[in-house]
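# Breakdown of the fold
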Amino acid sequence: MKIKIMGTIVQNNFLDKFFPNGKTSVYGIIGNPISHSVSPYMQTQAFLKLKINAIYVPFEVQRGDISQVINSLKTLNIKGINVTVPYKEVILPYLDEIDQDALNIGSVNTIKIENKIARGFNTDAPGFILALKEENISVKNKNVIILGAGGTAKALAYILLKEKAKSIFLVNRTLEKAKKLEDSLKKYGNIKSYPLKNEILKDLIKQSDILINTTSIGLKKDDPPLFNYNFLKENKNLVVVDVIYFLTPLLKKAQEFSLKTIDG
Ligand SMILES: NC(=O)c1ccc[n+]([C@@H]2O[C@H](COP(=O)([O-])OP(=O)(O)OC[C@H]3O[C@@H](n4cnc5c(N)ncnc54)[C@H](OP(=O)(O)O)[C@@H]3O)[C@@H](O)[C@H]2O)c1
């Protein structure tokens, strides 16, 4: 029998009459806020398409309750969760095991629970390299501008240096934050921080192969631009990446100048 769930036609080979049912595995995402997340829809769709009897749900966790999350997951037999803003770093002390890359990055976005052991991973970093490889882009010996110095910037700068990028130019509104990140990552390769200023970006764009926006600017319609996006035309070979998963004003401008673009 075929049934329709969340717009997807599913061969009902595991559901009998109901979905979810008593055998459904539960996965989810923790963060705050979480109501904007499209992950529950996308992930549950994927489970259905793959005929996996599982569901993916949002959990809005209060900051004061973060220490209780891992035990709650174990108690309720939740198989795994993703972790988003603002908990990717503060969750680390509560895990039983942490993958080495996630430990080096200092941030976890995926937790797997098996036999009551909670293991943390960071899939942002390898996922990013995979996305570039799919576009036939290698980062080896490339100069890369990273806009932002938050959790995502750290994961991407780390993996880019591990993949032998020539230099990372870390550009951030709050220079001290970029400098702190530079200090924590300089043992992996060449990384230098800069303040977010038009004239600096103009100069860096000329020397770079890839520019990546890791800030949240572009997410909201009325966000002001991070810099004068007309400077993108200074380098016809620049690849412009935005970790936001739609066509942001930055990517739109890059496309107007016929640059290669990748979204998150
Ligand atoms: N596609 C994906 O798979 C994926 C994965 C992870 C994250 N993301 C997205 O990446 C973005 C950043 O996440 P995060 O975890 O790295 O956040 P975060 O740690 O809070 O860092 C935010 C960064 O954005 C900068 N920023 C914020 N508002 C700004 C403004 N008005 N002007 C200039 N810079 C500003 C901050 O600069 P200051 O230091 O000066 O405050 C900081 O560098 C979010 O939009 C998130 O949704 C996407």
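Everything numeric here is computed off the predicted structure, so don't read it as measured data. (Residues numbered from 1 in each chain as written. Predicted model: local features only at pLDDT ≥ 70, side-chain atom pairs only at ≥ 80, totals over all residues. Heavy atoms only, no water.)

### Describing the environment of Leu 170
Going by this rule: In this description a helix means any DSSP run of H or I spanning at least four residues, a strand means any run of E spanning at least two, and both kinds are numbered starting from the N terminus. For every residue, the accessible area (1.4 Å probe, protein chains only) is compared with the maximum for its type, and the residue is labelled buried under 20%, exposed over 50%, or partly exposed between those bounds. When checking whether two residues touch, look at their non-hydrogen atoms; a contact exists if any pair is within 4.5 Å.
Mapped onto the elements of the fold, Leu 170 is located in strand β10 (residues 167-172). Leu 170 gets classed as buried once you look at its relative accessible area, which sits at 0%. Once the C-alpha coordinates of Leu 170 and Lys 192 are considered, the two residues, 22 residues apart in sequence, prove to be 5.9 Å apart. Here Leu 170 is in contact with Ile 146, Gly 148, Ala 178, Leu 181, Glu 182, Ile 191, Lys 192, Ser 193 and Tyr 194, once residues within four sequence places are set aside.

### What about the domain arrangement of the chain?
To keep things clear, this is the line we draw: How far each domain reaches was decided by an automatic or database domain assignment. The term buried area denotes the loss of accessible surface (1.4 Å probe radius) that occurs when two parts are joined, taken as the sum for both partners. A carboxyl oxygen of Asp or Glu within 4 Å of a side-chain nitrogen of Lys or Arg is what we treat as a salt bridge.
By the assigned domains, the chain splits into domain 1 (2-122) and domain 2 (125-263). Computed from C-alpha coordinates alone, the two centres of domain 1 and domain 2 are separated by 29 Å. Tallying the contact residues gives seven residues for domain 1 and 10 residues for domain 2. For the pairing of domain 1 and domain 2, the buried interface totals around 730 Å² over both sides, and the portion due to carbon and sulfur atoms is 47%. At the junction of domain 1 with domain 2, the criterion picks out one salt bridge. The salt bridge partner of Lys 162 is Asp 101, with a shortest N-O separation of 3.0 Å.

### Points about the sheet that holds strand β9 (residues 143-147)
Applicable threshold: For two strands to be treated as a pair, DSSP must find at least two bridges joining them. Angular values range over 0 to 180 degrees, each being the angle between N-to-C directions of two axes fitted as lines to C-alpha atoms, with helices fitted over their stretch in contact.
The parallel open sheet is built from six strands, whose spatial order is β11-β10-β9-β12-β13-β14. Looking at which strands have only one partner, the edges of the open sheet turn out to be β11 (191-195) and β14 (260-263). In this sheet, neighbouring strand axes are inclined to one another by 20° on average, regardless of whether the strands run parallel or antiparallel. Inspection of the sheet shows β9 paired to strand β12 (residues 210-213) by four bridges, in the parallel sense. In the sheet register, Ile 145 faces β12, and the bridge partner there is Leu 211. Its contacts with the sheet put helix α5 (residues 151-162) on β9, β10, β11 and β12, and the angle it makes with β9 is roughly 170°. Contacting β12, β13 (239-242) and β14, helix α8 (residues 249-256) runs over the sheet at an angle of about 160° to β13.

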